[in-house]
Amino acid sequence: MAFQLPDLPYSHDALASKGMSAETLEYHHDKHHNAYVTNGNKAIEGTKWEGKSLEEIIKGTYDPDAVAQSGIFNNISQLWNHNQFWEMMGPDSTAMPGELEKAIKESFGSVDKFKDEFKAAGGGQFGSGWAWLVKDTDGGLKVTSTENGVNPVCFGQTALLGCDVWEHSYYIDFRNARPDYLTNFLDNLVNWENVASRM
Ligand code: MN3
């Protein structure tokens, strides 16, 4: 069965008062995410990847030595990335669960230092990509950034939090101010209970 575009876990205007407008979600979910679904399904049709899971396709098609990743990888990884991204945000303010806060303090010293590192990673990613909080293969938490559709699945890491820093994610609401978008994302949009549930 072909991959489907999941519904947003909230209405299109649910995040508007928190800095992500209905217009952004209409474009980002209904058009951009949908295009990854359509083009991903088309790209794997008739290949050995048809019928495999998103994660299997991502791990099997990522090429660490390639200058540019394949169309299959790019579309399928972006499909997966956006599936996670909507779930990692929410309209309700959530407190950081104690277990997550403890792990963040152990790895970064403080929640503020983690946020600074995350903002620096997202702000410093040249061009399109993502900033991540991952649980690394050694069990520790780490902040990373990746280009285009590359994600923690490629490296055997667990994605706890990801922020889309492609311009389509912030240009309607923040224009060119990617740092402000990242600050607002961390302070107002993240569903910390979802992040903790991924540990
Ligand atoms: Mn996007």
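Residues numbered from 1 in each chain as written. Predicted model: local features only at pLDDT ≥ 70, side-chain atom pairs only at ≥ 80, totals over all residues. Heavy atoms only, no water.

**Student:** Give me the lowdown on the overall build of the protein chain, citing residues and values where you can.
**Tutor:** What the protein chain contains, in helices and strands, is eight helices and three strands. Counting from the amino terminus, the protein chain carries its helices and strands in the arrangement α-α-α-α-α-β-β-β-α-α-α. For 199 residues, the compact-globule estimate of 2.2 N^0.38 gives 16 Å, and the C-alpha radius of gyration of the protein chain, at 16 Å, lies within 12% of that figure. Overall size of the protein chain, expressed as C-alpha extent along the three principal axes, is 50 × 40 × 30 Å. By the burial criterion, 49% of the 199 residues in the protein chain qualify as buried. Residue pairs at least 24 apart in sequence account for 67% of intrachain contacts in the protein chain once pairs closer than 6 positions are excluded. Total accessible area computed for the protein chain in this model is approximately 9,400 Å², and 47% of it derives from carbon and sulfur atoms. When the 16 positive and 28 negative side-chain charges of the protein chain are each reduced to one mean point, those points stand 3 Å apart. (Helix = DSSP H or I, 4+ residues; strand = E, 2+ residues; numbered from the N terminus. Rg over C-alpha atoms; globule rule 2.2 N^0.38 Å. Buried < 20%, exposed > 50% of the residue type's maximum accessible area, 1.4 Å probe, protein only. Contact = heavy atoms within 4.5 Å. Areas by Shrake-Rupley, 256 points an atom, 1.4 Å probe, with all protein chains shown as cover. Lys, Arg positive; Asp, Glu negative; His and termini not counted. Charge placed at Lys NZ, Arg CZ, Asp CG, Glu CD.)

**Student:** Report on the sheet that holds strand S2 (residues 141-147), specifying residues and quantitative values.
**Tutor:** The strands that make up a sheet are held in pairs by hydrogen bonds between backbone atoms, and each pair lies either parallel or antiparallel. Here three strands make up an open sheet; going across it, the order is S2-S1-S3 and the pairing antiparallel. Pairing within the sheet leaves two strands with one partner each, and these edge strands are S2 and strand S3 (158-164). Mean inter-strand twist for the sheet, computed between neighbouring axes without regard to direction, equals 25°. The sheet strands contacting helix H3 (residues 71-87) are strand S1 (129-135) and S3, and the helix crosses S1 at an angle near 65°. (Pairing = 2+ DSSP bridges. Axes fitted to C-alpha atoms, helices over the stretch in contact; angles between N-to-C directions.)

**Student:** Could you give me a rundown of the side chain of asparagine 194, with the residues and numbers involved?
**Tutor:** Within the secondary structure layout, asparagine 194 lies in helix H8 (residues 192-197). A distance of 3.4 Å separates the side chain of asparagine 194 from the backbone oxygen of glutamate 87, its partner in a polar contact. Here asparagine 194 is in contact with Glu87 and Met88, once residues within four sequence places are set aside. (Polar contact = N/O pair within 3.5 Å; in protein donor to acceptor, adjacent residues only side chain to side chain.)

**Student:** Tell me about the pattern of salt bridges, and name the residues and values.
**Tutor:** Pairing between side chains of opposite charge can happen when their charged atoms approach one another. The tally for this structure, following the rule as stated, stands at four salt bridges. The partner of lysine 115 in a salt bridge is aspartate 187, with the nearest N and O atoms 3.0 Å apart. Of the two residues, lysine 115 sits in helix H5 (residues 111-124) while aspartate 187 sits in helix H7 (residues 178-189), which places them 72 residues apart along the sequence. Assessed through its relative accessible area of 16%, lysine 115 is described here as buried. Of the residues examined, aspartate 187 reaches a relative accessible area of 44% and is grouped as partly exposed. A salt bridge links lysine 142 to aspartate 136; the shortest N-O distance between them is 3.1 Å. On the accessibility criterion, lysine 142 (38% relative accessible area) is partly exposed. The class for aspartate 136 is buried, based on a relative accessible area of 16%. (Salt bridge = Lys/Arg side-chain N within 4 Å of Asp/Glu carboxyl O.)

**Student:** Describe the domain arrangement of the protein chain, with residues and values.
**Tutor:** With domains assigned, the protein chain is organised as domain 1 (21-87) and domain 2 (98-197). Summarising the inter-unit geometry, the C-alpha centres of domain 1 and domain 2 are found 19 Å apart. Contact with domain 1, which involves 20 residues of that partner, is made by 22 residues of domain 2. Buried surface at the junction of domain 1 and domain 2, summed over both partners, amounts to about 1,700 Å²; 63% is from carbon and sulfur atoms. Summed over the shared surface of domain 1 and domain 2, the number is zero salt bridges. On the surface where domain 1 and domain 2 come into contact, there are eleven residue pairs in polar contact (both at pLDDT 80 or more). Considering every element that reaches the side of domain 1 that touches domain 2, the biggest residue donor is H3, with eight residues. Considering only residue class, the side of domain 1 that touches domain 2 consists of seven nonpolar, nine polar and four charged. (Domains from an automatic or database assignment. Buried area = accessible area lost by both parts, 1.4 Å probe. Nonpolar A, V, L, I, M, F, W, Y, C, P; charged D, E, K, R; others polar.)

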